[in-house]
Amino acid sequence: MIKRSLEFARQLILDSLQDGDVAIDGTAGNGNDTLLLAKGVGDKGKVFAFDIQKEALENTYQRLIKHNLEHRVVLVNTGHENIKEHVTDKVSAIMFNFGYLPGGDHGIVTKLESTIPAIEQGLELLKENGVMSLMLYPGHYGGKWETDGVLTLVKNLNQKMYTVLHYNFINLQNFPPQLLVIQKKKNGI
Ligand SMILES: C[S@@+](CC[C@H](N)C(=O)[O-])C[C@H]1O[C@@H](n2cnc3c(N)ncnc32)[C@H](O)[C@@H]1O
């Protein structure tokens, strides 16, 4: 079966992780992706999860507690445009799931001006063979602007350094989510 975008992203991210790795969730939200990363990095690994909303980090914390995995995660209450101020390790996986907090204030959304530096900083921190997933939602107000801006950025990444996949259901109506997956190449080959 063809996997839905988010499911496919989660599979690729999990496949890229090993015990002891460091990973980043650039948009913690309700903690589903943070939990996946926390499982993937094992007990010796670490996840940094960013969100600008305290409510999101609280939801994420509660989800982690239910699985006894909170000790693997550092919750950071700031924008992902500040990733490099908080993470210095090289990372194996980074997830971004843009847009608004499901069940929260739909007026608080990710914005292109912070999304771009977040992606750029994430790419710098990514290890060789490391994977970044980007879920984009062109359907909400401002979402198409963000999606187009991110597409322009990733289409222009050096092909010697990055493999870029665009996973998109092109016959769906009403602006379906789009997935981008970027893998940093080994030795720039
Ligand atoms: C679609 S939700 C994330 C869903 C989450 N990954 C999950 O698994 O439940 C998007 C989140 O991005 C957050 N956000 C918005 N702007 C942000 C920024 N500049 N830095 C970090 N998070 C941001 C929102 O507060 C919201 O919680």
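Residues numbered from 1 in each chain as written. Predicted model: local features only at pLDDT ≥ 70, side-chain atom pairs only at ≥ 80, totals over all residues. Heavy atoms only, no water.

Draft legend 1. How the structure looks around the overall build of the protein. If you tally the helices and strands in the protein, you get 6 helices and 7 strands. When the helices and strands of the protein are listed from N to C terminus, the series reads α-β-α-β-α-β-α-β-α-β-α-β-β. Over its C-alpha trace the protein gives a radius of gyration of 15 Å, about what one expects of a compact globule, namely 16 Å for 189 residues. When the backbone C-alpha atoms are referred to their principal axes, the protein occupies close to 45 × 40 × 40 Å. For the protein, the residues scored as buried account for 50% of the 189 residues in total. Sequence-distant contacts, at least 24 apart, represent 73% of the contacts inside the protein between residues at least 6 apart. (Helix = DSSP H or I, 4+ residues; strand = E, 2+ residues; numbered from the N terminus. Rg over C-alpha atoms; globule rule 2.2 N^0.38 Å. Buried < 20%, exposed > 50% of the residue type's maximum accessible area, 1.4 Å probe, protein only. Contact = heavy atoms within 4.5 Å.)

Draft legend 2. Molecular detail of the nonpolar core. Counting 29 residues, the largest nonpolar core has Ile24, Phe96, Ile119 and Met132 as the members making the most contacts within it. When contributions to this core are tallied by element, the ones reaching two or more residues are β1 (22-25), β2 (46-50), β4 (91-97), α5 (112-125), β5 (126-136), α6 (143-155) and β7 (178-184). If one sorts the elements of this core by residue count, α5 sits on top with 6 residues. Phe8, Ala28, Ala38 and Leu69 belong to the second-largest nonpolar core, a separate cluster that totals 24 residues. (Core = buried A, V, L, I, M, F, W, Y, C linked by side-chain atoms within 4.5 Å.)

Draft legend 3. Expanded view of the site of the ligand. Within the structure, the ligand sits among 23 residues, and Thr27, Asp33, Asp51, Gln53 and His80 are positioned closest to it. Asp51 places a polar side-chain atom, nitrogen or oxygen, 2.7 Å from an oxygen atom of the ligand. Between the ligand and His80, the relevant distance is 2.8 Å, taken from a nitrogen atom to a main-chain nitrogen or oxygen of the residue. Protein burial of the ligand: of its 600 Å² of free accessible surface, 96% is covered by the chains. Here the residues of the shell around the ligand sort into 7 nonpolar, 13 polar and 3 charged. (Near = heavy atom within 4 Å. Polar contact = N/O pair within 3.5 Å; in protein donor to acceptor, adjacent residues only side chain to side chain. Areas by Shrake-Rupley, 256 points an atom, 1.4 Å probe, with all protein chains shown as cover. Nonpolar A, V, L, I, M, F, W, Y, C, P; charged D, E, K, R; others polar.)

Draft legend 4. Broad picture of the packing of α5 against α6. Between α5 and α6, the shortest axis-to-axis distance is 10 Å and the interhelical angle comes to 30°. By the criterion of interaxial angle, the relationship of α5 to α6 is roughly parallel. Crossing hand, α5 versus α6: right-handed. Across the interface between the two elements, Leu112, Thr115, Ile116, Ile119 and Glu120 from α5 touch Trp145, Glu146, Gly149, Val150 and Leu153 from α6. Among the residues forming the contact of α5 with α6, the class breakdown is 6 nonpolar, 2 polar and 2 charged. (Axes fitted to C-alpha atoms, helices over the stretch in contact; angles between N-to-C directions. Parallel < 35°, antiparallel > 145°, perpendicular 65-115°, else oblique. Left-handed = near helix turned anticlockwise from the far one by under 90°.)

Draft legend 5. Quick peek at α5. The terminal C-alpha atoms of α5 lie 20 Å apart, and with 14 residues this matches the ideal 20 Å at 1.5 Å per residue to within 8%. Most of α5 is tucked away, with 10 of its 14 residues classed as buried. Turning to α5, its buried residues number three or more, namely Leu112, Ser114, Thr115, Ile116, Ala118, Ile119, Gln121, Gly122, Leu123 and Leu125. (Expected span 1.5 Å × (residues − 1).)

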